[in-house]
Amino acid sequence: MANMVIYKVQVGAYLLKANANNVLKKLKKKGFNPILVKSGKLYKVQVGAYSKIENAQNIQKKLKNFGFKSIIVEYTS
């Protein structure tokens, strides 16, 4: 069976958890449902988990409209 790819929209990766939490709060105020992922020394702020890249791209556009820069990251299961 083929591996499944999940697309998440990452708004930032921070060394300080407080900085990540500030972005998390801003995203929540704008109606997004962000999560905080600890990866090594970094706290990553991400939105969504999509099986189709188009869905991640749509969220990325909405984030951009609110002034958030982001990247799409892929996870393979």
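What counts as what
- Residues numbered from 1 in each chain as written.
- Predicted model: local features only at pLDDT ≥ 70, side-chain atom pairs only at ≥ 80, totals over all residues.
- Heavy atoms only, no water.
- Helix = DSSP H or I, 4+ residues; strand = E, 2+ residues; numbered from the N terminus.
- Rg over C-alpha atoms; globule rule 2.2 N^0.38 Å.
- Core = buried A, V, L, I, M, F, W, Y, C linked by side-chain atoms within 4.5 Å.
- Buried < 20%, exposed > 50% of the residue type's maximum accessible area, 1.4 Å probe, protein only.
- Contact = heavy atoms within 4.5 Å.
- Pairing = 2+ DSSP bridges.
- Axes fitted to C-alpha atoms, helices over the stretch in contact; angles between N-to-C directions.
- Phe/Tyr/Trp six-rings, centres within 6.5 Å; stacked < 30°, edge-to-face > 60°.
- Lys NZ or Arg CZ within 6 Å of the ring centre and 35° of its normal.

**Focus on the overall build of the protein**
Now for step 1: Across its full length, the protein carries two helices and four strands.
Now for step 2: Counting from the amino terminus, helix and strand elements in the protein follow one another as β-α-β-β-α-β.
Now for step 3: Relative to the globule expectation of 11 Å for 77 residues, the C-alpha radius of gyration of the protein, 13 Å, shows essentially globular dimensions.
Now for step 4: The dimensions of the protein, computed from C-alpha atoms along their principal axes, are 40 × 30 × 15 Å.

**Looking at the nonpolar core**
Now for step 1: The biggest cluster of nonpolar side chains holds 16 residues, and the ones touching the most others in it are Val11, Leu27, Phe32, Val45, Val47, Ile59 and Leu63.
Now for step 2: Taken together, the elements giving at least two residues each to this core come down to β1 (5–14), α1 (17–29), β3 (42–50) and α2 (53–65).
Now for step 3: The residues contacting Val47, other than those within four sequence positions of it, are Lys8, Val9, Val11, Leu27, Phe32, Pro34 and Ile59.

**Let's talk about the sheet that holds strand β4 (residues 71–76)**
Now for step 1: The strand order β2-β3-β1-β4 describes an open sheet built from four strands, whose pairing is antiparallel. Whereas interior strands pair on both sides, the edge strands pair on one side only; in this sheet they are β2 (34–39) and β4. Adjacent strand axes in the sheet meet at a mean angle of 45° when their direction is disregarded.
Now for step 2: Judged from the six bridges that link them, β1 and β4 form a sheet pairing that is antiparallel. Each residue of the ladder has a partner; that of Val5, found in β4, is Thr76.
Now for step 3: Those strands touched by α1 are β1, β2 and β3, and its axis lies near 160° from that of β2.

**Regarding the packing of aromatic side chains**
Now for step 1: This model, assessed by the stated rule, comprises one aromatic pair.
Now for step 2: Here the aromatic rings of Phe32 and Phe66 are separated by 5.8 Å at their centres, their planes lie at 85°, and the arrangement is edge-to-face. One end of the pair, Phe32, is in the loop between α1 and β2; the other, Phe66, is in the loop between α2 and β4, with 34 residues separating them in the sequence.
Now for step 3: Under the relative-accessibility criterion, Phe32 is labelled buried at 10%.
Now for step 4: By relative accessible area, Phe66 is classed as partly exposed at 42%.
Now for step 5: Stacked on the ring of Tyr75, the Lys or Arg Lys8 has its end atom at 5.0 Å from the ring centre.

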